[in-house]
Amino acid sequence: MFLLTMHPHVVGHRSRIALLDRLVQHMKAKGDVWLATHAEVARHVKDQAA
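Treat the numbers as computed from the prediction; the structure is a model and nothing was measured. (Residues numbered from 1 in each chain as written. Predicted model: local features only at pLDDT ≥ 70, side-chain atom pairs only at ≥ 80, totals over all residues. Heavy atoms only, no water.)

Peer 1: Please explain the overall build of the chain as it appears in this structure.
Peer 2: Within the chain, the regular secondary structure consists of 3 helices and 0 strands. In terms of overall dimensions, the chain is more spread out than a globule: its C-alpha atoms have a radius of gyration of 14 Å, far above the 10 Å expected for 50 residues. Principal-axis analysis of the C-alpha atoms places the extent of the chain at approximately 45 × 25 × 10 Å. When burial is assessed residue by residue, the chain has 4% of its 50 residues classed as buried. (Helix = DSSP H or I, 4+ residues; strand = E, 2+ residues; numbered from the N terminus. Rg over C-alpha atoms; globule rule 2.2 N^0.38 Å. Buried < 20%, exposed > 50% of the residue type's maximum accessible area, 1.4 Å probe, protein only.)

Peer 1: Can you help me understand helix H3 (residues 38-49) in this one?
Peer 2: Between its first and last C-alpha, H3 extends 17 Å over 12 residues, near the 16 Å set by a 1.5 Å rise per residue. The buried fraction of H3 amounts to 0 of the 12 residues, a small share that puts the element mostly on the outside. (Expected span 1.5 Å × (residues − 1).)

Peer 1: Please clarify how the environment of Val41 should be interpreted in this entry.
Peer 2: Here Val41 shows up in helix H3. Measuring from C-alpha to C-alpha, the distance between Val41 and Asp21 comes to 21 Å, with 20 residues separating the pair along the chain. Residues contacting Val41, with those up to four places away along its chain left out, are Met1, Trp34 and Ala36. (Contact = heavy atoms within 4.5 Å.)

Peer 1: Explanation requested: the confidence of the model for the chain in the structure shown.
Peer 2: When pLDDT drops low, the exact placement of atoms in the prediction is not to be read closely. When pLDDT is averaged along the chain, the result is 89; 100% of the residues meet or exceed 70. Per-element confidence in the chain ranges from a low mean pLDDT of 76 for helix H1 (residues 8-11) to a high of 94 for H3. (pLDDT = per-residue confidence, 0-100.)

Peer 1: Explain helix H2 (residues 14-29) here, please?
Peer 2: In this model H2 runs 23 Å from its N-terminal to its C-terminal C-alpha over 16 residues, within 8% of the 22 Å that 1.5 Å per residue would give. Trailing H2 by a residue or two, Gly31 shows a phi angle of about 105°, which is positive.

Peer 1: I tried to follow the environment of Leu3 on my own but got confused; where do I start?
Peer 2: One can find Leu3 in the segment before H1. Sequence separation between Leu3 and His26 is 23 residues, and the spatial gap between their C-alpha atoms is 15 Å.

Put into structure tokens, the structure is as follows:
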């Protein structure tokens with residue numbers, strides 16, 4: 001699990017958005033990667049624990 005938290009004032013700069021896009025594209029290129037919201041991850045963990 002990789003959790004990236006960025007302050008809106010930091011990620012809002014164009015250069016940061018471009019780097020974030022590159023990071024997402026890199027992760028997707030690896031293949032078996034699930035990009036999810038916090039709520040989706042919590043639901044998944046809850047379902048697995050049941």
